[in-house]
Amino acid sequence: MERTLIADCAERIGETVKISGWVKTRRDHGKIVFIDLRDRTGVLQCVVTPDTENYEELKRIRPQWTVDFQGIIKKRPEKLINQDLKTGSMEMEVKEFKILSEAQELPIDISADELGLHLETLLDFRNLTIRNEKVGAIFKIYAEVLRSYAEYLRSQGFVEIKTPKLLSASTEGGAEFFKVKYFEREAFLAQSPQFYKQAAVGSFERVFEIGPVFRAEPHFTSRHINEFIGLDAEMGFIHDSNDVMDMLEESMKHILTDVKKNCQDSLKLYNSDVEIPEKFPRIRFSEALDILRKEFGKEIEGNDINPEGERLICQWAKKKHGSDLIFLTNYPWTIRPMYIMPDPENPRETMGFDLLYKGVEISSGGQRIHQYEQLVENMKKKNLNPEDFSSYLEIFRYGMPPHGGWGLGSERIIQKILGLKSIKEAILFPRDVRRLTP
Ligand code: ATP
């Protein structure tokens with residue numbers, strides 16, 4: 001008999017079907033055994049009675065065994081309907097079964113709606129904890145974010161590219177690179193696709209990449225990990241950074257709209273209601289400093305707005321503009337990389353921006369310098385040696401359009417949509433300072 005998915009059982013009431021999946025829980029009620037079976041589409045209560053073929057054998061079944069069940073789909077009596085379960089108004093009366101594989105006794109219980117595990121335990125037993133529906137829901141939403149991002153940018157004429165992650169030199173001259181042995185040489189893991197996506201603009205005008213980004217920063221925060229998936233984009237023939245912000249804003253709205261529309265079941269598990277502002281406010285970096293000073297009595301030490309500052313600015317944006325997202329524009333020249341275009345009206349500032357979402361930066365971007373001489377000059381001003389960037393500079397010898405783009409952190413989007421305490425929950429198998437397994 002062909003397999004029926006659990007979500008399709010509602011249309012098969014009264015019929016004999018075969019379902020396949022994992023045993024989520026089993027409850028013995030005297031001679032009757034209730035087994036909740038999970039497949040990729042849902043969970044169904046299956047009832048085993050002494051009439052079931054090989055009843056004694058079936059009673060051995062334990063959580064996480066994989067099985068085929070064959071039986072009749074029945075409506076549950078009114079008083080036994082489980083409103084919390086999509087399939088709560090039906091059950092299968094099991095007639096026959098086949099054990100596909102057995103499971104050892106589980107080291108942790110993963111059947112509860114709310115696992116309530118310490119983060120390290122949740123990650124130590126990741127192979128198992130991702131089988132929990134609430135944990136699994138994170139990655140259904142994640143997949144929707146990736147799909148939606150790519151779909152939107154394709155619709156806007158962007159070409160998807162993949163750039164190398166093994167580099168001969170540290171691209172932006174920072175100290176945050178992982179070194180790896182590359183045959184007889186040393187290589188570095190890419191800390192951003194920046195230079196390659198700019199080169200690709202030279203051919204395709206508009207490109208995007210969904211790919212791994214490696215950062216060797218020894219962070220112990222709720223928003224950093226050492227390998228994440230960047231949603232990058234770069235576009236040519238822009239007027240200025242506003243065109244880039246417009247595109248990023250539309251991309252984010254598209255993502256949030258799709259998640260809200262297509263992931264209702266998953267969002268419900270987190271009591272998450274995705275709000276999509278009509279317009280993301282844009283304020284200058286210097287204005288943000290004024291707001292922090294005047295509204296919150298916070299003086300920012302150093303050049304950049306710290307995590308607390310980001311949180312307060314988002315609080316302000318929510319109150320003043322009813323928006324969970326806000327752009328900070330015109331970042332100071334001193335804290336932006338050498339390839340960011342200085343503001344033509346004020347060289348102390350740049351055409352660089354950040355996008356914040358519910359208290360955290362989720363994206364950095366801006367207009368790039370597109371002329372060779374200006375780029376060399378900017379490198380020198382930043383005490384960088386242009387010779388160290390000869391291959392990058394090549395791009396600009398052969399005619400580049402005014403262009404700009406962004407790097408957007410996919411996991412931070414999920415973390416903020418669902419209100420996850422740590423970004424590590426938003427990654428299937430996260431890598432942090434201490435963790436290289438599972
Ligand atoms: P932060 O100031 O929060 O450390 P950053 O300025 O180093 O971030 P960028 O280099 O501008 O970040 O990277 C672009 C985006 O990539 C960020 O806005 C964020 O969404 C994501 N990102 C950067 N670093 C990390 C990280 N270590 N872990 C997860 N996501 C990150």
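As a reminder, the structure under discussion sits directly above these lines.
Calculation notes
Residues numbered from 1 in each chain as written. Predicted model: local features only at pLDDT ≥ 70, side-chain atom pairs only at ≥ 80, totals over all residues. Heavy atoms only, no water. Near = heavy atom within 4 Å. Polar contact = N/O pair within 3.5 Å; in protein donor to acceptor, adjacent residues only side chain to side chain. Areas by Shrake-Rupley, 256 points an atom, 1.4 Å probe, with all protein chains shown as cover. Helix = DSSP H or I, 4+ residues; strand = E, 2+ residues; numbered from the N terminus. Pairing = 2+ DSSP bridges. Contact = heavy atoms within 4.5 Å. Axes fitted to C-alpha atoms, helices over the stretch in contact; angles between N-to-C directions. Phe/Tyr/Trp six-rings, centres within 6.5 Å; stacked < 30°, edge-to-face > 60°. Buried < 20%, exposed > 50% of the residue type's maximum accessible area, 1.4 Å probe, protein only. Lys NZ or Arg CZ within 6 Å of the ring centre and 35° of its normal.

**Quick notes on the site of the ligand**
Neighbouring the ligand are 14 residues, the closest being Arg-223, His-224, Ile-225, Glu-361 and Ile-362. Arg-215 places a polar side-chain atom, nitrogen or oxygen, 3.0 Å from an oxygen atom of the ligand. In the model, an oxygen atom of the ligand is placed 3.1 Å from a nitrogen or oxygen of the Ser-363 main chain. Considered on its own, the ligand offers 580 Å² of accessible surface; in the complex 82% of this is hidden by protein. Among the elements of the structure, β17 (360–368) and β18 (403–409) are those that each provide at least two residues to the shell around the ligand. A per-element tally of the shell around the ligand places β17 first, with four residues.

**Digging into the sheet that holds strand β9 (residues 185–189)**
One open sheet accounts for three strands, arranged β7-β9-β8; its pairing is antiparallel. Each edge of the open sheet is held by one strand with a lone partner, namely β7 (166–167) and β8 (179–182). Sheet topology note: the β8/β9 ladder contains four bridges and is antiparallel. In the strand pairing of β9, Lys-179 is matched with Phe-188.

**As for the sheet that holds strand β10 (residues 206–214)**
The sheet built from eight strands is open, its strands ordered β6-β10-β11-β18-β17-β16-β13-β12 with mixed pairing. The sheet is open, and its two borders are formed by β6 (159–160) and β12 (282–284), each paired with just one other strand. For β10 and strand β11 (residues 227–236), the ladder comprises nine bridges, and the chain directions are antiparallel. Each bridged residue has a counterpart across the sheet, and for Arg-206 the counterpart in β11 is Met-235. Relative to β11, helix α5 (residues 194–204) is tilted by about 30°, and along the sheet it contacts β6, β10, β11, β17 and β18.

**A few points about the packing of aromatic side chains**
Under the counting rule described, the total for this entry stands at 10 aromatic pairs. Between Phe-177 and Phe-188, the ring centres sit 6.0 Å apart and the planes meet at 80°, which makes this aromatic pair edge-to-face. Placement of Phe-177 in the loop between β7 and β8 and of Phe-188 in strand β9 is noted, with a sequence separation of 11 residues between them. Phe-188 matches Phe-177 in its accessibility class, with the two residues each being buried. The rings of Phe-195, Tyr-339, Phe-389, Tyr-392 and Phe-396 are connected pair by pair, giving a single aromatic cluster. Arg-38 extends its terminal NZ or CZ atom over the ring of Trp-22, reaching a point 4.4 Å from the ring centre.

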